[in-house]
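Residue-level listing of the chains:
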Amino acid sequence: MAEESVPEILQLNDDCLEEIFDRLQDLHSEVAFSQTCQRMQHICLSKWRISRAYEQLDLDKWREMLPNYEDLVYFLAQMRPYLKEMCASSCLCALLKDLDEMQITVLPRVTSFYYDPEDVDCYPSNRSIRKLSELLPGLQKLRLTTPIDGRFLSHFEHLQELHLYEDQHKAYELQQEYLDEICQKLHDLKVLDIRTYDVISKLQLGNCLQSLRNLTVLKLNLATLKPVLPAVLELPSLRQLVVLLDNEWHIPPLVSPDSYDHKIREVGEFYDIMERKAKDIVGFAVDGYYMPLEPGWDAELPIWAHRKLKRLAICSWSHAADYLERYTCMENLRLLCLRNWNELSDDILLRFVELCPHLEHLDVSYCRELTPNFLPRALEILKQREPRKPMPGYRHTAPLLLYYVLSGFEDFIDKTNLKSSPDYRGYIVFTADFPFGSERGLSFVDRGYQFEFDCP
Amino acid sequence: MSLNPTVCKEPKFVQLQTCEGYIHDVETSLLEQMGTVHDLLMVECSDSNGIIPLLKIESRIMKLVVQWCRLVQNNSARTEASDRSTMFTELLEEASGDDKVVIQLLLAANYLHVESLLEVGTQYLADVITACETAEEIRIRFNLQNDIPSDETEEP
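Just so you know, these numbers come straight off a predicted model, no measurement behind them.

For chain B, the helix and strand inventory stands at six helices and three strands. In chain B, the succession of α and β elements from N to C terminus is β-β-α-β-α-α-α-α-α. Put simply, chain B has 156 residues, and 40% of those count as buried. Contacts spanning at least 24 positions in sequence make up 58% of the contacts within chain B whose residues lie at least 6 apart. Total accessible area on chain B is roughly 9000 Å²; 49% of this is exposed by carbon and sulfur atoms.

Along helix H8 (residues 176-185) of chain A, the positions that sit buried rather than exposed are Tyr178, Leu179, Asp180, Ile182 and Cys183 of chain A. Check the buried side of H8 of chain A and you find it contacts strand E5 (161-163) and strand E6 (191-193) of chain A.

Another aspect to go through is the nonpolar core. Residues Phe284 of chain A together with Met34 of chain B are the most contacted members of the largest nonpolar core, which totals 184 residues. For this core, the two domains that each supply at least three residues are domain 1 (9-50) and domain 2 (263-456) of chain A. Apart from the residues within four sequence positions on either side, methionine 34 of chain B is in contact with Leu16, Val26, Met62, Val65, Val66, Cys69, Leu112, His113 and Val114 of chain B. Membership of the second largest hydrophobic core comes to eight residues, among which are Val242, Ala285, Ala313 and Cys337 of chain A.

Next up on the list: the sheet that holds strand E2 (residues 23-27) of chain B. Residue and element names in this part refer to chain B. Pairing is mixed across the open sheet formed by three strands, whose spatial order is E2-E1-E3. What marks the edges here is a single partner per strand, and that holds for E2 and strand E3 (51-53). Mean inter-strand twist for the sheet, computed between neighbouring axes without regard to direction, equals 35°. Inspection of the sheet shows strand E1 (residues 13-17) paired to E2 by five bridges, in the antiparallel sense. By the bridge assignment, phenylalanine 13 is partnered in E2 with glutamate 27. Against the sheet, helix H2 (residues 59-74) makes contact with E1 and E2, and its axis sits at roughly 5° relative to E2, the strand it touches most.

Moving on: the interface of chain A and chain B. The figure often quoted for interface size is the accessible area lost as the parts come together. Between chain A and chain B, the residue contacts involve 31 residues of the former and 32 residues of the latter. Buried surface at the junction of chain A and chain B, both sides included, amounts to about 2600 Å², of which 62% is carbon and sulfur. Summed over the three residues of chain A that lose the most area to chain B, namely Glu8, Arg23 and Thr36 of chain A, the buried surface amounts to 23% of that side. There are one salt bridge connecting chain A and chain B. We note a salt bridge from glutamate 8 of chain A to lysine 100 of chain B, for which the minimum N-O separation is 4.0 Å. Counting the contacts that link chain A with chain B gives six residue pairs in polar contact (both at pLDDT 80 or more).

All names here are of chain A. Side-chain alternation along strand E4 (residues 141-144) places Leu142 and Leu144 on a buried face and Lys141 and Arg143 on a face that remains uncovered. Pairing of strand E3 (residues 112-115) with E4, which is carried by four bridges, proceeds in the parallel orientation. Note that in E4 the partner of phenylalanine 113 across the bridge is leucine 142. Relative to E5, E4 is paired through three bridges, and the arrangement is parallel. Paired with lysine 141 across the strands is glutamate 161, a residue of E5.

Below, the discussion takes up the pattern of salt bridges. Residue and element names in this part refer to chain A. Taken as a whole and assessed by the stated rule, the structure comprises 25 salt bridges over all chains. Across the salt bridge formed by arginine 63 and aspartate 60, the nearest N and O atoms sit 3.3 Å from each other. Of this pair, arginine 63 and aspartate 60 are both found in helix H4 (residues 59-65), three residues apart, which corresponds to roughly one turn of the helix. Residue arginine 339 pairs with aspartate 363 through a salt bridge whose shortest N-O separation is 2.7 Å. Here arginine 339, found in the loop between strand E11 (335-337) and helix H12 (346-355), pairs with aspartate 363, found in strand E12 (residues 361-363); they are 24 residues apart in sequence, far enough to count as distant. Looking at arginine 339, the relative accessible area reads 0%, which means it is buried.

It is worth spelling out the packing of helix H2 (residues 27-34) of chain A against helix H3 (residues 38-50) of chain A at this point. Residue and element names in this part refer to chain A. Their axes nearest at 7 Å, the elements H2 and H3 cross at an angle of 140°. When the axes of H2 and H3 are compared, the pair comes out oblique. Between H2 and H3, the residues in contact are Leu27, Glu30, Val31, Phe33 and Ser34 and Met40, Gln41, Cys44 and Trp48, respectively. Its residues assigned to classes, the contact of H2 with H3 comprises six nonpolar, two polar and one charged.

The rules we used
- Residues numbered from 1 in each chain as written.
- Chains lettered and ligands numbered in written order.
- Predicted model: local features only at pLDDT ≥ 70, side-chain atom pairs only at ≥ 80, totals over all residues.
- Heavy atoms only, no water.
- Helix = DSSP H or I, 4+ residues; strand = E, 2+ residues; numbered from the N terminus.
- Buried < 20%, exposed > 50% of the residue type's maximum accessible area, 1.4 Å probe, protein only.
- Contact = heavy atoms within 4.5 Å.
- Areas by Shrake-Rupley, 256 points an atom, 1.4 Å probe, with all protein chains shown as cover.
- Core = buried A, V, L, I, M, F, W, Y, C linked by side-chain atoms within 4.5 Å.
- Domains from an automatic or database assignment.
- Pairing = 2+ DSSP bridges.
- Axes fitted to C-alpha atoms, helices over the stretch in contact; angles between N-to-C directions.
- Buried area = accessible area lost by both parts, 1.4 Å probe.
- Salt bridge = Lys/Arg side-chain N within 4 Å of Asp/Glu carboxyl O.
- Polar contact = N/O pair within 3.5 Å; in protein donor to acceptor, adjacent residues only side chain to side chain.
- Parallel < 35°, antiparallel > 145°, perpendicular 65-115°, else oblique.
- Nonpolar A, V, L, I, M, F, W, Y, C, P; charged D, E, K, R; others polar.

Shape descriptors only; they carry no functional weight alone.
So, in structure tokens, the structure goes:
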């Protein structure tokens, strides 16, 4: 019979073969299995392609999974057309050389590359950057946290996001001519992060802004922003502006250092943005530790007339909290972040729960003056608003995410295991983390401020 | 099967006919584990002549499937994967079964929807493959031909 000439194992259907694949103990066995014949290769490849474990190429990690070099070369060759992300923590030059030896010259579908070397002395050369642009021709998102002068970054023709900043680490910058080239040649650029933490930034955007028509997110030092603020605010697609205060500041030579008040100087742009973009501001965040804002600083802001705030973060505030109540008129508030407030009380916070019905994220990390009494009172307000949650079949709003790290009720939440309490289910979700998109630590945005704009 | 044509009374045994024509009497209580037969029985309940044809299955394999279902029923507390693997290995040894028998059992389990047998059979084969060091060893074990072109490259 014709079937007898077919090996028995190939009489199994694909479902059975996939079940066998799922039970293989390690990647080496899977590789051997896939190399037996075309059918098994097809089964294995279809499983590898959809596996989250292999979505991202991390060659160091893959070397551990496949210590046999030939296995690794084979696996890389099979996965090459399907890889979408890549990251590296070892020397980039060595990595590119290794890929060369494995005859991997192009990864056509990789759209994201994150380079964060563990060895801080391993700086990629310009030659490596150029080679990288040839390896990843379709790259859309690039994050590089090592010193580079920026040459050949403009070779990533489809780049949409360029991140050159690592939190609190950076003390070097691109060369101006290469920043100009990046801005002028990368027409798809939407996100640009050129912050520098440890020195006053010398970068200028004067020659760049007319090319950045598609930019939606700009992250830069205050020194870079100062001369071009009006033009930056005119960028037609800008949705988010993040400003890092420079570590030092220039005091003009003719001014007396004894009488010169740098605090007034450093908030000037902040107020300018508030003024110019009042009707478009849907969110702002400020680090009160570094921004010298006194009580009543916001009394006359033009944003009150528009009431469009959806996201508000004022952190490390050391004055009284009473004035905060004026923000309860922002009925569209979705996120409220008040980390590290000395004087934040239960009562003030409850006003927000009561008056802002769309609140989804409440971050009170490091607020030691809050008490466990806040929790049942907040729950009561939410239950009065929606008494039928979490009945099955009842269409309801998302629960309030409460971020509580080192707050006054952290111990209470952990000891009473409120995270699992049926009473709070559907109303409040407790999370010992920070909101997505915010920085970790004492402030939503570190050493500076951030604005979000409503962009038509 | 029932004296009263309006009432479907479940019999103690059903008769399953394999491809050689042999008829196997199988306890009805085991049919819960055989999804296909169970469904057929529900459909045929009112007018069945009592014999369900399973023309894709050999008699020898059917006996092993029934034995396996009995083992699972009688050892319902032993649900750990390792226990089931031991039961399966013992069953194979008693039957002097080899890889061919395992694969035939898997084909039958797939056809009859015997989930427990599918799980333990695929695990058995996975363990055999894992124990092989190279692709060539796997090919020899399962009589596979290498039909992968030597210069094959995947196109993006």
